[in-house]
Amino acid sequence: MTQAVKFGVLSLSASSRTGDDAEYLRWHQLDHMPQQWEIPGMVLGQRWVSTPACRAERTVEDDRFTAVNHVVHYLWGEPLVQSIDDFFTLGAHLYEVGRFPHRLPGVFLGGFDLASMHAAPSALVTPDVVPFRPNRGMQLVVEYPGDGDGATTWRDDDVAAVLATDGVAGMWTFAPGSLRLDRFDTTGASAAVLYLDDDPVATAARLEPLHRARWARDGITPAFAAPFAAIRPWEWDRHGQPGAPVS
């Protein structure tokens, strides 16, 4: 059984200046991300990419997040504190030995405490294993409480409505973390990752009225709500220009 997840890291990036991200994706998927598994607390790493259709279906994007085309999500367990330190140490070491040849413009790097796990009845699995199922994509929600303090919350009826939406396999929510605030975002953002079994664009359209109703009712300030498509290994050129069509 996979060890318990306690912490999530979300790394959001823009595309390269040329817009051709194929070599970066090849390196990250075949070299950089697999190397993270040498860290004892590493549980899972996934990445997704925005397509033109995904960008057109963004429910919300404030100025900070407009350029985002790539999302990487790392999930962590114990030994948590040491593993997060090792995460940054390993990155510096790989750079020193010439194994960090590509970088994309960073937009947001957040460290979050895992707040809740949910599985849709259609997924059949328990909530704790939802991220380990194959997915067609995800919807990322980044938001702030209206009073600017603490984490945003999801009422039981909000969660039920999301899980009943066609195409949603499950949802994990994350609260602002307190580790390595010298490196992670300190604006107090909360986040939710919605794992999708259907086309991300169509599912995001179905989810939009649910999100807007919750934000309005609870006075939540949304910063980003956007669908992303799953990476297809070995089809790096498919993602060379952000927004290669998803079939």
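The rules we used
- Each chain has its residues counted from 1, running along the sequence as written.
- Restriction of local features to residues with pLDDT of at least 70 applies here, the model being predicted, together with a cutoff of 80 or more for giving and counting side-chain atom pairs; totals for whole chains, interfaces and linings are based on all residues.
- Working from all heavy atoms in the structure, the side-chain values ignore hydrogens and water.
- Only protein chains enter the accessibility calculation, which uses a 1.4 Å probe; a residue whose area is less than 20% of its type maximum is buried, one above 50% is exposed, and one in between is partly exposed.
- Numbered from the N terminus, helices here are DSSP runs of H or I no shorter than four residues, and strands are runs of E no shorter than two.
- At least two DSSP bridges between two strands are needed for those strands to be called paired.
- For this analysis, a polar contact is any N or O atom pair within 3.5 Å, provided that within protein one partner can donate a hydrogen and the other can accept it, and provided that sequence-adjacent residues contribute only side-chain to side-chain pairs.
- Residue contacts are defined here by distance: any two heavy atoms, one from each residue, within 4.5 Å place the two residues in contact.

A few words on the pairing of strand 9 (residues 221-230). Buried residues dominate strand 9, accounting for eight of its ten residues. Examined bridge by bridge, strand 2 (residues 42-49) and strand 9 share two bridges and lie antiparallel to one another. What sits directly across from W48, in strand 9, is A230. Relative to strand 9, strand 3 (residues 60-61) is paired through two bridges, and the arrangement is antiparallel. Looking at strand 9, one finds that V60 is bridged to A225. Where strand 6 (residues 137-144) and strand 9 come together, eight bridges link them in antiparallel fashion. From the neighbouring strand, V141 faces strand 9, where its bridge partner is A225.

A few words on the side chain of R214. Relative to the assigned elements, R214 resides in helix 5 (residues 200-218). Polar side-chain contacts of R214 include one of 2.6 Å to the side chain of E143. Once residues within four sequence positions are removed from consideration, R214 is found in contact with E143, T152, T153, W154, D158 and I220.

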